[in-house]
Amino acid sequence: RLAASSAVPTVLGARDPDAAEALAVLDGLRFPEEGEPVATRKANGQVIAALQRWGGLWGGSADLSESTNVAIPGDAVSAAAPGGAFLPFGIREHAMAAILSGIALHGLWRPFGSTYLAFSDYQRPAIRLAALMGLPTVYVYTHDSVAVGEDGPTHQPVEQVASLRTVPGLAVIRPADTAEVIGAWRRLLVRPSGPAALVLSRQGLPTLPGGAEASRLTASGGYVRWQHDAGDDLALLATGSEVAVAVAAARMLADDGVAVRVVSLPSLEWFAQSDPAWQEEVLPASVSARVAIEAGRGDGWYRWVGRDGRVVGVETFGESGAGEEILARHGITPEHVADVARELLAQRAAARPA
């Protein structure tokens, strides 16, 4: 089930007419059918293309627009075409991030720049300054994990998501499917309170149940995406492509009679800022058996699963090979997650007084 509460921040009814126009554009987008595989980079590209009608979004990529799916029709900005539709920043991620800050300070557009997540390391000084100044820049990152596969370990992010989450004032958003991509943009456009890193998959991800409601709840940063019975035995926490893994594992556990909930956490920063009553509704303190799943370094997840919780992550650099095979090597599979959860539940049961 999808959890719902009045504690969820509302992003509708913005007074800014420009924002209202952008929201109307997003309202016209289609959610894929449940189960349909769509890469979140592709879903994000459709959002960016649609928002060109609004006219308040402007940006480009570090020479990767076709691969990161931010390509739009029109001429590139150049000396001969200063009024171009997009910016070809070239292969210089640091300069791109700094230019985005300048555009944000100018104030006429909401700027975005795109590259692979592994290359976000080159941008860190400019990201830090944007966060210090509270600038509403959007960094669109794709190829978000070892699922990149054949590109090899140099292009497979492992520590980047965890590292970006340490920047004060930077919202890191890792959507699970198209619904969460659209929901993330709704909040970004209406409440531009600072910079945001939008972290997206190269591979297709299954469209999960409850698109419209999930899109609305994305603004809270975290919500219950799937639940069996009361969901009070176990919580599986996940972001991005791993939400589908968590749902598949939860279905296995439900067949065992486990009352399990899957908590999608597209943005840990937004969830931490949400109403404590909402946090308790989504992650009740009474549900202390928790497993987090994310294809990256997992140290930061112990804040949410507790010292005795479990984290299924990627703690070493990747390797060359098919993405699914590399994920399986690191235990990012429904079967392994279900086994970890069963072990945790068995340990909890054994520790209870007779």
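Residues numbered from 1 in each chain as written. Predicted model: local features only at pLDDT ≥ 70, side-chain atom pairs only at ≥ 80, totals over all residues. Heavy atoms only, no water.

## Topic: unusual backbone geometry
Move 1: For Asp63, which is not glycine, the phi torsion reads 65° and is therefore positive.
Move 2: Within the fold, Asp63 resides in the loop between β2 (57–61) and α3 (65–68).
Move 3: With phi around 55°, Asp229 is a residue other than glycine that occupies positive phi space.
Move 4: Mapping Asp229 onto the fold places it in the loop between β9 (223–227) and β10 (234–238).
Move 5: By relative accessible area, Asp229 is classed as exposed at 59%. (Helix = DSSP H or I, 4+ residues; strand = E, 2+ residues; numbered from the N terminus. Buried < 20%, exposed > 50% of the residue type's maximum accessible area, 1.4 Å probe, protein only.)

## Let's talk about the sheet that holds strand β6 (residues 171–173)
Hydrogen bonds between backbone atoms are what pair the strands of a sheet, whose relative direction is either parallel or antiparallel.
Move 1: Reading across from one edge, β3-β2-β4-β5-β7-β6 is the order of the 6 strands in this open sheet, with parallel pairing throughout. The two strands at the open ends of the sheet, each matched to only one other strand, are β3 (87–88) and β6.
Move 2: Bridge analysis of β2 against β3 gives 2 bridges, and the strand direction is parallel. Within β3, the position partnered with Ser61 by the bridge is Pro88. (Pairing = 2+ DSSP bridges.)

## Observations regarding the packing of aromatic side chains
Move 1: In the structure shown here, the tally under the stated rule is 5 aromatic pairs.
Move 2: Note on Phe271 and Trp304: the rings are 5.4 Å apart at their centroids and 55° apart in plane angle, and the pair reads as tilted. Placement of the pair is Phe271 in helix α10 (residues 268–273) and Trp304 in helix α12 (residues 302–305), with a sequence separation of 33 residues.
Move 3: An aromatic cluster of three or more residues is present, and its members are Tyr116, Phe119 and Tyr122. (Phe/Tyr/Trp six-rings, centres within 6.5 Å; stacked < 30°, edge-to-face > 60°.)

## Points about the nonpolar core
Nonpolar side chains tend toward joint burial in soluble globular proteins.
Move 1: Ranked by internal contacts, the top residues of the largest apolar core, which has 35 residues, are Leu234, Leu236, Leu253, Val260, Val262, Val291 and Ile293.
Move 2: Within the residue set of this core, elements represented by two or more residues are β10, α9 (242–255), β11 (260–264), β12 (290–293), α13 (323–329) and α14 (334–351).
Move 3: By residue number, the principal contributor to this core is α9, which donates 9 residues.
Move 4: Setting aside its immediate chain neighbours within four residues, Leu236 contacts Ala246, Ala249, Ala250, Leu253, Val260, Arg261, Val262, Val263, Val291, Ile293, Val337 and Ala341.
Move 5: Ala50, Leu51, Ala171 and Ile182 belong to the second largest nonpolar core, which has 29 residues in total. (Core = buried A, V, L, I, M, F, W, Y, C linked by side-chain atoms within 4.5 Å. Contact = heavy atoms within 4.5 Å.)

## A look at the pairing of β2
Across a regular strand the side chains alternate sides, sitting on one face of the sheet and then on the other.
Move 1: Taking burial as the measure, the 5 residues of β2 include 5 buried ones, the bulk of the element.
Move 2: Taking every second residue as pointing to the same face, both faces of β2 are buried, with Leu57, Gly59 and Ser61 on one and Trp58 and Gly60 on the other.
Move 3: Direction of pairing for β2 relative to strand β4 (residues 110–116): parallel, over a ladder of 5 bridges. The partner of Trp58 across the bridge, within β4, is Pro111.

## Details of helix α5 (residues 124–133)
Residues lying three or four places apart along an α-helix face the same way, a consequence of the helix completing one turn every 3.6 residues.
Move 1: For α5, the set of buried residues is Ala126, Ile127, Ala130 and Ala131. One side of α5 carries all its buried residues, which in axial view fall inside an arc of 140°. For α5, the exposed residues set more than 90 degrees away from the buried face come down to Arg128 and Leu132.
Move 2: In the core, the buried residues of α5 are packed alongside α4 (93–106), β5 (138–142) and α6 (160–164).
Move 3: One or two residues past the end of α5 sits Gly134, with phi positive at roughly 65°. (Arc of directions from axis to C-beta.)

## Topic: the environment of Asp63
Move 1: Judged by relative accessible area, which is 54%, Asp63 ranks as exposed.
Move 2: Counting along the chain gives 23 residues from Asp63 to Phe86, while the straight-line C-alpha distance between them is 12 Å.
Move 3: Those residues within four positions of Asp63 in sequence are excluded, and the remaining contacts are Gly90 and Ile91.

## Quick word on the side chain of Glu93
Move 1: Along the chain, Glu93 falls in helix α4.
Move 2: Lacking a salt bridge, the buried Glu93 has Arg92 as its closest oppositely charged neighbour, with an N-O distance of 8.9 Å. (Lys, Arg positive; Asp, Glu negative; His and termini not counted. Salt bridge = Lys/Arg side-chain N within 4 Å of Asp/Glu carboxyl O.)

## Comments concerning a nonpolar patch on the surface
Move 1: A contiguous nonpolar surface patch, about 430 Å² in accessible area, is contributed by Leu105, Leu129, Leu132 and Met133.
Move 2: Ranked by the residues each element gives to the nonpolar patch, the list is headed by α5, at 3 residues.
Move 3: According to the relative accessible area criterion, Met133 is partly exposed, its value standing at 47%. (Patch = residues over 30% accessible without salt bridge, like charges linked within 9 Å, V, L, I, M, F, W, Y side chains within 5 Å. Areas by Shrake-Rupley, 256 points an atom, 1.4 Å probe, with all protein chains shown as cover.)

## Quick notes on the side chain of Ser267
Move 1: Turning to its location among the elements, Ser267 is positioned in the loop between β11 and α10.
Move 2: Given a relative accessible area of 0%, Ser267 falls into the buried group.
Move 3: Within the local environment of Ser267, its side chain forms a polar contact with the backbone oxygen of Val172, the two atoms lying 3.3 Å apart. (Polar contact = N/O pair within 3.5 Å; in protein donor to acceptor, adjacent residues only side chain to side chain.)

## Observations concerning the pairing of strand β7 (residues 196–199)
Move 1: Of the two faces of β7, the one holding Ala196 and Leu198 and the one holding Ala197 and Val199 are both buried throughout.
Move 2: When β5 meets β7, the two strands line up parallel, connected through 4 bridges. The partner of Tyr139 across the bridge, within β7, is Ala197.
Move 3: Two strands pair when backbone bridges link them, and β6 and β7 are joined in this way by 3 bridges, in the parallel orientation. The partner of Ile173 across the bridge, within β7, is Leu198.
Move 4: For the crossover from β6 across helix α7 (residues 178–190) to β7, the handedness is right-handed. (Right-handed = clockwise from strand over helix to strand, strands pointing away.)

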